[in-house]
Amino acid sequence: MNIDREGIVRPKSLLVIVGFLSILFSTQLSRAQEASRFDVFGGYSYMRFDSRPLGFASDSNLNGWNAAVAGNITLKWGVFLDASGHYGQELTIYNFLIGPQYSFRRDKSRFFVHGFIGKAQNKVNVTTRINGDLESVGKAYGGGGGFDYDLKPRISIRVFQADYLHSDTYGLSQNDFRVSAGLVFHFGHIGHPRKL
Amino acid sequence: MTEFISMTAFNIFRRCWGRGIIATLAFLLPLGVVSCGSRPTHLAYLGVPTLNGIAAFRIDNNTGKFTPIVGSPFLAGNSPGPVVVAPSNKFLYAANQTDNTISLFKIDSLVGTLTEVTPRTNTGLSPSAMVLNAAGSFLFVANTISSNISVFSVNSSSGALTQVAGSPFSVPANPVSMAITPSGTYLYVVAPNLPAVFAYSISSSGALMQVPGSFPVGAGANGIAIEPAGKFVHVANSTDNTLSILSINSATGVLTTISGSPFATGTTPVSVTIDPSSTYLYVANEGSNNITAYSVDTNGVPTLVTTQPFSGATQPIFITSDPDGKYVYAISQSTKTVVTFDINTSTSNGGTLGTLTFTQSASVGQFPATSLALTTK
């Protein structure tokens, strides 16, 4: 795990994790012959925001939400739309993302990895300023993965989703880390009919 | 084989997924925890008159690097010049030279942002210098055009200013710089038109009473500083190109020129600073675009360190020491930057003690004022 002297998790570390999971499960998890057409996720999310480039004394721990809709095109491949909001006393961070998602299914378990691009909307909550609004919108991209476990045929628990997020706002770059967990609701199906 | 290994691994994971979750969370959560601690930093603020704002930076104590605070500069009154930070590091005061007011800002120590607390406090005409006593209980403002000093008591919890009885106190023509003893007992004032230092005792209520007489220095007295030990007054004489050093009588406030004073500097010395150990003294020479460095003995006598002067700051108009004694910061007017110099405090690298090494510069964007205020942490 690459954590530098400043305690910042580097993207290389997450890529190694995602790569490891991909290799480990890619050969056998395609046995599952059915999947839902749409997965709707919502839940709690934590973000470690890289606020030092903005002049903060330290990085910021933010809490918030994460929601996503994934459309499964095949048993393995899909496209997902993701939105998240994270909040602290001095910061409000939104991310709106889209990207491909690759899933490995086995019985009640589903692992997934994804990459994404989109927009980050970051705001520093200060009231006195000269140069206009302290809200900045910029590009965002990154990747990550996670693990779902079926509770019921139409409901799964997202045990964890971990993402690396790079955003370019305020003319600066931020390297952030996001962890989410919650519930996933399944709609429709592809492949062999799901037993309900 | 690959299939077998991956299948086995997956089955193990599936059977043990509950433990796997715990292990995963145990693995992930520390990622957010390990970097919770913050690196030691200082905040730096300086007035930018043409923007009517205060530029803000965070300085990394380990590197001296300036990082602009997001949102900087922060709105102040018209043409802010002198700035001072309260010893509590909670408040910043900025003198608005055209408004003839003092702006009070609350400092967000985490973010570094400033939030002004209004209304602004009126002072005399063209405030050009400010100092706080070490306790942070009194703020002294030199008003150049009205030739007086306004004294304010400071509310320690709100930072609010209240003018003390008898304020403003008249001083000789056009004061531009002041220094206060660490004990808060005496205030020393210079005016470029008069080749002298004027001394004032400070009462417990903040009232000023002039110490009889004046104490001669060179022509064009501009910058003034007292070292942390509080024994000597140092004056940069911008016309004479010299540095005057006077010892302080702690009982009376009377100044006595030390043997050998004045000492040669570069061209047009305008600002002087002494490091926190009272060991090294630095003079900013606006005319020769460099900094003169001295080591100082216990009698206050300066000796030029070798390999001088030190370049890197063009037209330096202000110089100050970092609270930890690692760096010297100079404001460069022509390049609109703040320049960081590293102080050599060790001979293990083969260098000479007290010498300066240019480290980096940070852009202010517009012409900066002749003042830089630092938080102590």
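Before reading further, recall that the structure is shown in the block above.
Each value, and the rule that gives it
Residues numbered from 1 in each chain as written. Chains lettered and ligands numbered in written order. Predicted model: local features only at pLDDT ≥ 70, side-chain atom pairs only at ≥ 80, totals over all residues. Helix = DSSP H or I, 4+ residues; strand = E, 2+ residues; numbered from the N terminus. Buried ≥ 20, exposed ≤ 12 C-beta atoms within 10 Å, placed from the backbone. Contact = placed C-beta atoms within 7 Å. Core = buried A, V, L, I, M, F, W, Y, C linked by C-beta atoms within 7 Å. Pairing = 2+ DSSP bridges. Axes fitted to C-alpha atoms, helices over the stretch in contact; angles between N-to-C directions.

On to the overall build of chain A. Helix and strand counts for chain A come out as 1 helix and 10 strands. Starting at the N terminus and walking to the C terminus, you meet the elements of chain A as α-β-β-β-β-β-β-β-β-β-β. Split into buried and exposed, the 196 residues of chain A put 39% on the buried side.

This part takes up the overall build of chain B. The number of helices and strands found in chain B is 2 helices and 32 strands. The long-range share in chain B, meaning contacts at least 24 apart out of those at least 6 apart in sequence, stands at 48%.

Our focus in this paragraph is unusual backbone geometry. Residues and elements named next belong to chain B. Cis geometry is found at the peptide bond from Ser72 to Pro73, where omega equals 5 degrees. Looking at the element boundaries, Pro73 is found in the loop between β3 (66-68) and β4 (74-75). Looking along the chain, the bond that leaves Ser167 and enters Pro168 is cis, with omega of 5 degrees. Relative to the helices and strands, Pro168 resides in the loop between β12 (161-163) and β13 (169-170). A positive phi is found at Asn100, a non-glycine position, where the angle reads about 60 degrees. With respect to the helices, strands and loops of the structure, Asn100 is situated in the loop between β6 (91-96) and β7 (101-107).

In terms of nonpolar packing, the biggest core is built from 127 residues, with Tyr45, Leu46, Leu92, Phe140, Met178, Val233 and Ala330 of chain B touching the most fellow members. Among the elements that make up this core, the one with the highest residue count is strand β15 (residues 186-191) of chain B (6 residues). Counting residues in each nonpolar core, the second largest holds 5 residues, with Phe111, Phe112, Val113 and Phe147 of chain A among its members.

Residue and element names in this part refer to chain B. In spatial order, the strands read β28-β29-β30-β31; together these 4 strands make up an open sheet with antiparallel pairing. Edge strands, defined here as strands with exactly one partner in the open sheet, are β28 (316-321) and β31 (356-363). Each strand of the sheet is rotated relative to its neighbour by a mean of 25 degrees, with strand direction disregarded. Alignment of strand β30 (residues 337-343) against β31, held across 7 bridges, turns out to be antiparallel. Bridging from a neighbouring strand, Thr337 pairs with Ser363 of β31.

Okay, the pairing of strand β4 (residues 77-87) of chain A next. On any regular strand, side chains alternate: one points to one face of the sheet, the next to the other face. All names here are of chain A. Relative to β4, strand β3 (residues 60-72) runs antiparallel, the two sharing 10 bridges. Across the sheet, the residue bridging to Ala70 is Phe80, located in β4. Linking β3 to β4, which pair antiparallel, is a turn of 4 residues. Across 11 bridges, the pairing between β4 and strand β5 (residues 91-106) is antiparallel. Residue pairing across strands places Val79 opposite Pro100, the latter belonging to β5. Hairpin remark: β4 followed by β5, antiparallel, with 3 residues in the connecting loop.

All names here are of chain A. Spatial strand order, β2-β3-β4-β5-β6-β7-β8-β9: 8 strands in a closed barrel with antiparallel pairing. Along the sheet, successive strands turn relative to each other by an average axial angle of 25 degrees, direction set aside. Two elements, strand β7 (residues 135-152) and strand β8 (residues 155-169), share 12 bridges in a ladder whose sense is antiparallel. Paired with Phe147 across the bridge in β8 is Phe160.

Let's shift gears to the pairing of β3 of chain A. Of the strand pairs in this sheet, strand β2 (residues 38-49) of chain A and β3 of chain A are connected by 12 bridges, and their pairing is antiparallel. Counterpart to Ser45 of chain A in the pairing with β3 of chain A is Gly64 of chain A.

Residue and element names in this part refer to chain B. Relative to the helices and strands, Ser156 resides in the loop between β11 (148-154) and β12. Take Ser156: there are 15 C-beta atoms within 10 Å of it, and that puts it in the partly exposed class. Residues Ser156 and Ala135 lie 21 residues apart in sequence; the distance between their C-alpha atoms is 9.5 Å.

In this section: the environment of Ser346 of chain B. All names here are of chain B. With respect to the secondary-structure elements, Ser346 resides in the loop between β30 and β31. C-beta crowding within 10 Å serves as the criterion here: with 9 such atoms nearby, Ser346 is assigned to the exposed category. Ser346 sits 88 residues away from Ile258 along the chain, and the two C-alpha atoms are 29 Å apart.

With that settled, the discussion passes to the environment of Asn66 of chain A. All names here are of chain A. Structurally, the position occupied by Asn66 is in strand β3. Among the residues examined, Asn66 registers 25 C-beta atoms within 10 Å and is labelled buried. Sequence separation of Asn66 and Ser45 is 21 residues, and the distance between their C-alpha atoms is 5.7 Å. Not counting chain neighbours up to four residues away, the residues in contact with Asn66 comprise Gly43, Ser45, Ser84 and Ser180.

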